[in-house]
Amino acid sequence: MIIFSNVSKIYENGSEALNNISFFIERGEFVFIVGPSGAGKSTLIKLLMHEEIATSGEVIINSVNVSALKQNQIPYLRRNMGVVFQDFRLLPKKTVYENVSFAMEIVGASRREIRRQVPNVLSLVGLSHKAKAFPTQLSGGEQQRVALARALVNNPSFLIADEPTGNLNPRTAQEIVELLDEINKRGTTVIMATHAKDIVDQMKKRVIAIEDGVIVRDEARGVYGYEN
């Protein structure tokens, strides 16, 4: 479970990114975070990842108060989350297999665990046949599938997708979101920040809308609600 309790974030220059927001996300939910550019979506994501710390209030992930974590505890928090970005962030000199296995290596997984798990997640995202390919040999959609596999390989309890379809054509974007939906149906909580109106409207998932750092809508089967 993820809980934001009266969370505000004010930067050193005085700008207020989030203003006293509260919500909770239950295990197994699929939630879209929407809103205009500059609304506070990116700050919310960074608070989840502990890239930023709340000025006030509490961010609680799986019963842990993230804001109170010491520096040496942050890697343990991040082991329970997978993150997918708009720009893929793959290692160009590593193959598909190596990009995914690297995520296991940095958390100390054994070679036996890696040999068992990496093929499983590559199969899940439909890339078993691309295991030996390098990122430059892949389409944008395939690169995002690799990023998804990397995010999932350590069996995280939840997945953060920050504009994962932003650099993809509509058809490929649809395929990625269908894959996220399948991952969610297998039990992984999915939190997706997006400007993709068509996808949000079609999926009919929970929608949390942020404007000027404040939650203005929280709907169980919501729509995007903005013109792109």
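The sections below set out a description of the structure shown in this document. (Residues numbered from 1 in each chain as written. Predicted model: local features only at pLDDT ≥ 70, side-chain atom pairs only at ≥ 80, totals over all residues. Heavy atoms only, no water.)

Moving on, we get to the overall build of the chain. Helix and strand counts for the chain stand at 7 helices and 10 strands. A compact globule built from 228 residues would reach a C-alpha radius of gyration of about 17 Å, and the chain, at 17 Å, matches this within 12%. Counting only C-alpha atoms and orienting by the principal axes, one finds that the chain spans roughly 45 × 40 × 35 Å. For the chain, the residues scored as buried account for 52% of the 228 residues in total. Summarising the internal contacts of the chain: among those between residues at least 6 apart in sequence, 68% fall at separations of at least 24. Here the chain has roughly 11,300 Å² of accessible surface; of this, 47% comes from carbon and sulfur atoms. Separation between the mean location of the 27 positive side-chain charges and that of the 25 negative ones in the chain comes to 10 Å. (Helix = DSSP H or I, 4+ residues; strand = E, 2+ residues; numbered from the N terminus. Rg over C-alpha atoms; globule rule 2.2 N^0.38 Å. Buried < 20%, exposed > 50% of the residue type's maximum accessible area, 1.4 Å probe, protein only. Contact = heavy atoms within 4.5 Å. Areas by Shrake-Rupley, 256 points an atom, 1.4 Å probe, with all protein chains shown as cover. Lys, Arg positive; Asp, Glu negative; His and termini not counted. Charge placed at Lys NZ, Arg CZ, Asp CG, Glu CD.)

On to the pattern of salt bridges, then. According to the stated counting rule, one finds 12 salt bridges in the structure shown. Between Asp87 and Arg89 there is a salt bridge, and its shortest N-O distance comes to 3.1 Å. The partly exposed category is assigned to Arg89, whose relative accessible area is 47%. Notably, a salt bridge pairs Glu182 with Arg186, separated by 3.1 Å at the nearest N-O pair. Arg186 sits in the exposed class, given a relative accessible area of 59%. One network of salt bridges, in which partners are shared, links Glu29, Arg206 and Asp218. (Salt bridge = Lys/Arg side-chain N within 4 Å of Asp/Glu carboxyl O.)

The next thing to look at is the environment of Ile160. Along the chain, Ile160 turns up in strand S7 (residues 158-162). Each C-alpha atom of the pair Ile160 and Val214 lies 20 Å from the other, and the pair is 54 residues apart in sequence. Apart from the residues within four sequence positions on either side, Ile160 is in contact with Ile45, Leu48, Met49, Met81, Gly82, Val83, Val84 and Ile191.

On to the sheet that holds S7, then. Ordered in space as S6-S7-S8-S3-S9-S10, the 6 strands form an open sheet in which the pairing is mixed. Two strands bound the open sheet, and with one partner strand each, they are strand S6 (81-85) and strand S10 (214-219). Along the sheet, successive strands turn relative to each other by an average axial angle of 15 degrees, direction set aside. Two strands pair when backbone bridges link them, and strand S9 (residues 206-211) and S10 are joined in this way by 5 bridges, in the antiparallel orientation. The residue of S10 that forms the bridge with Ala209 is Arg217. Sheet strands in contact with helix H6 (residues 170-185) are strand S3 (30-34), S7 and strand S8 (189-193), and its direction is about 150 degrees off that of S8. (Pairing = 2+ DSSP bridges. Axes fitted to C-alpha atoms, helices over the stretch in contact; angles between N-to-C directions.)

The first and last C-alpha atoms of helix H4 (residues 111-124) sit 20 Å apart over 14 residues, in line with the 20 Å expected at 1.5 Å per residue. Taken together, the buried residues of H4 touch helix H3 (96-105) and helix H5 (140-152). Remark: Gly126 follows H4 within two positions and exhibits a positive phi of approximately 75 degrees. (Expected span 1.5 Å × (residues − 1).)

This brings us to the side chain of Asp181. Tracing the backbone through its elements, the reader meets Asp181 in helix H6. Once residues lying within four places of it in the same chain are set aside, the contact partners of Asp181 are Phe30, Met203 and Lys205.

With that settled, consider the nonpolar core. Counting 46 residues, the largest nonpolar core has Phe32, Val34, Val100, Leu122, Leu148 and Leu180 as the members making the most contacts within it. In contact with Leu122, other than residues within four places in its own chain, are Val96, Tyr97, Val100, Leu127, Ser128, Ala131 and Ala149. Judged by nonpolar contacts, the second largest core, of 30 residues, contains Ile33, Leu69, Leu77 and Ile208. (Core = buried A, V, L, I, M, F, W, Y, C linked by side-chain atoms within 4.5 Å.)

Glancing now at the packing of aromatic side chains. All chains considered together, the criterion is met by 3 aromatic pairs. Between Phe30 and Phe32 the ring centres are 5.1 Å apart and the planes differ by 55 degrees, which places this aromatic pair in the tilted class. Over the aromatic face of Phe85 sits the side chain of Arg89, whose NZ or CZ is 3.7 Å from the ring centroid. (Phe/Tyr/Trp six-rings, centres within 6.5 Å; stacked < 30°, edge-to-face > 60°. Lys NZ or Arg CZ within 6 Å of the ring centre and 35° of its normal.)

Residues Arg111, Arg112, Arg115 and Arg116 make up a contiguous surface patch of positive charge. Judged by its relative accessible area of 70%, Arg111 is exposed. (Patch = residues over 30% accessible without salt bridge, like charges linked within 9 Å, V, L, I, M, F, W, Y side chains within 5 Å.)

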